[in-house]
Amino acid sequence: MTQCCINPSILSADFVNLEAELQRISNADAVHVDVMDNHFVPNLTIGLPVVQRIQAVSPVPLDAHLMIADADRWAPGFADAGLASVTFHAEASIAPVKLARELRSRGSKAGMALRPATPVEPYLDMLPELDMLLIMTVEPGFGGQAFLDITLPKIRRARAAIDGSGVGVAIQVDGGITEETITRAAEAGANVFVAGSAVYGADDPAAAIDRLREKGARTLRSATE
Ligand SMILES: O=C(CO)[C@@H](O)[C@H](O)COP(=O)(O)O
Ligand SMILES: [Fe+2]
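An unreviewed UniProt entry annotates the protein chain as Ribulose-phosphate 3-epimerase of Arthrobacter nitrophenolicus. Checking UniProt for the protein chain, the heading Pathway (unreviewed entry) contains the comment "Carbohydrate degradation." Its UniProt record gives the protein chain the following Catalytic activity (unreviewed entry) comment, quoted word for word: "D-ribulose 5-phosphate = D-xylulose 5-phosphate".

## Considerations on the sheet that holds strand β4 (residues 85-89)
The eight strands lie next to each other as β1-β8-β7-β6-β5-β4-β3-β2, forming an open sheet whose pairing is parallel. Across the chains shown, the open sheet's two edge strands, defined by having one partner strand only, are β1 (5-8) and β2 (31-36). The sheet shows a mean angle of 25° between the axes of neighbouring strands, direction not considered. Running over the sheet, helix α4 (residues 96-105) touches β4 and β5 (109-114) and is turned about 165° from β4.

## A few points about the UniProt feature "active site" (unreviewed entry) in the protein chain
As annotated by UniProt and renumbered to match this structure, "active site" (unreviewed entry) occupies D34 and D174. Spanning 141 residues, the named residues nonetheless gather at one spot, since no C-alpha pair among them exceeds 10.6 Å. The annotated residues contributing to the lining of the second largest pocket are D34 and D174. If you trace the backbone, D34 turns up in strand β2. By relative accessible area, D34 is classed as buried at 6%. A distance of 2.7 Å separates the side chain of D34 from the side chain of S9, its partner in a polar contact. Of note, D174 is situated in strand β7 (residues 170-174).

## Digging into the coordination of the iron ion (ligand 2)
Those protein atoms acting as donors to the iron ion (ligand 2) are H32 (NE2), D34 (OD), H65 (ND1) and D174 (OD), and they sit at 2.1 to 2.3 Å. Each donor residue of the iron ion (ligand 2) lies on one chain, and together they are spaced H-x1-D-x30-H-x108-D. One end of the pair, D34, is in strand β2; the other, D174, is in strand β7, with 140 residues separating them in the sequence.

## Considerations on helix α8 (residues 205-224)
Between its first and last C-alpha, α8 extends 29 Å over 20 residues, near the 28 Å set by a 1.5 Å rise per residue. Among the residues of α8, those classed as buried are P205, A208, I209, L212, G216, A217, T219 and L220. Down the axis of α8, the smallest arc covering the buried residues is 160°, so these residues share one side. Check the buried side of α8 and you find it contacts β1, α6 (181-188), β8 (192-195) and α7 (197-200). One side-chain oxygen of the residue at the start of α8 lies 3.2 Å from the amide nitrogen of A206, identifying that residue as D204.

## Topic: the environment of R221
Within the element layout of this structure, R221 appears in helix α8. A relative accessible area of 39% means that R221 is categorised as partly exposed. Taking C-alpha positions, R221 is 26 Å from A146, a pair spaced 75 residues apart along the chain.

## Some words on the site of ligand 1
Neighbouring ligand 1 are 20 residues, the closest being D34, G141, D174, G196 and S197. Counting atoms within 2 Å of the grid points, the majority share of ligand 1 lands in the second largest pocket. Broken down by secondary-structure element, the contributors of at least two residues to the shell around ligand 1 are β2, β3 (62-67) and β8. Ranked by residues supplied to the shell around ligand 1, first place goes to β2 with three residues. Of the residues assigned to the shell around ligand 1, the class counts are eight nonpolar, ten polar and two charged.

Conventions used here
Residue positions are given per chain, counting from 1 as you read along its sequence in written order. Naming scheme: in the order in which they are written, chains are lettered from A and ligands are numbered from 1. In view of the model being predicted, local features appear only for residues whose pLDDT reaches at least 70, and side-chain atom pairs are presented and counted only at 80 or more, with totals across whole chains, interfaces and linings using the full set of residues. Remark: hydrogens and water are excluded; side-chain values derive from all non-hydrogen atoms of the structure. UniProt positions are given in the numbering used here, feature names are shortened, and annotations may be inferred rather than shown by experiment. In short, DSSP must find at least two bridges between two strands for them to pair. Think of it this way: any DSSP run of H or I at least four residues long counts as a helix, any run of E at least two long counts as a strand, and we number them from the N terminus. Orientation is described by lines fitted to C-alpha atoms, with helices fitted over the stretch in contact, and by angles between N-to-C directions that extend from 0 to 180 degrees. We call two residues in contact when some of their heavy atoms are within 4.5 Å. Cavities and pockets were defined on a 1 Å grid built from protein atoms only: a cavity is a group of points that admits a 1.4 Å probe but offers it no way out, a pocket is an open group of points flanked by protein on both sides within 12 Å along at least five of seven lines, and a lining residue is one with an atom within 4 Å of any such point. In this scheme, a residue with accessible area under 20% of its type's maximum is buried, one over 50% is exposed, and one in between is partly exposed, where area comes from a 1.4 Å probe on protein chains only. Pairing of N or O atoms within 3.5 Å defines a polar contact, subject to two protein rules: one partner must be a possible hydrogen donor and the other a possible acceptor, and residues neighboring in sequence count only if both atoms are side-chain atoms. Note that water is not among the atoms used; donors are N, O and S atoms within 2.8 Å of the metal (3.2 Å for Na, K and Ca), so sites may look incomplete. Expected span of a helix: the number of residues minus one, times 1.5 Å. Each C-beta atom gives one direction from the helix axis, and the arc is the one those directions make. Each residue is tested against the molecule or strand, and it is near if at least one of its non-hydrogen atoms lies within 4 Å. Any molecule with more than half of its atoms within 2 Å of a cavity's or pocket's grid points is regarded as sitting in that cavity or pocket. Put simply, Ala, Val, Leu, Ile, Met, Phe, Trp, Tyr, Cys and Pro go in the nonpolar bin, Asp, Glu, Lys and Arg in the charged bin, and everything else, Gly too, in the polar bin.

Next comes the structure, spelled out in structure tokens:
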């Protein structure tokens, strides 16, 4: 059965107390780190020096989501920092195959993200170059937005292509994932779930992670029965 992973986004954490905030999610599969440059998206977060400090103190591996222009130039530096996984946006890369290969050669898993209106079909032949496909379920840039159901058919088509070709690519969804929407996303074929406000907005983030994992895993189990 496909593994169900819950990756909380620190975009909804208290940025003044990041080390303590990371300890609150030590039962997560990875921590999702949103890097925004105020060019590719209309928001600005953190850059490589802060990501490196997060990497040094995090109890779980890092899953970087780079919402930055000119990914071909900047993404390899995040892999060099020893991050477990680096995801760039297809819309921000001129040479996504070359970039995915560079990330892998530097020791990171290679992820590629698609905005809600970007079709998956032009990228199906490059799935073997990827460890993870991130299908954005909101427009990137901000936490706390509502899940876009229009992305479900794309998740289904990506899952069918991945299962049909036998490549071991994870499907991550990011944006508006809650205890309610996780079931729809998992039914469509996603197996890695990013949750910012649903985890850090809860009184007990670790318990919220357990509940999300339980719901996601149950749906993935029934999909393969
Ligand atoms: O990449 C992004 C937003 O661009 C996300 O990772 C959000 O941070 C997820 O937050 P919620 O929608 O779960 O609150
Ligand atoms: Fe993200």
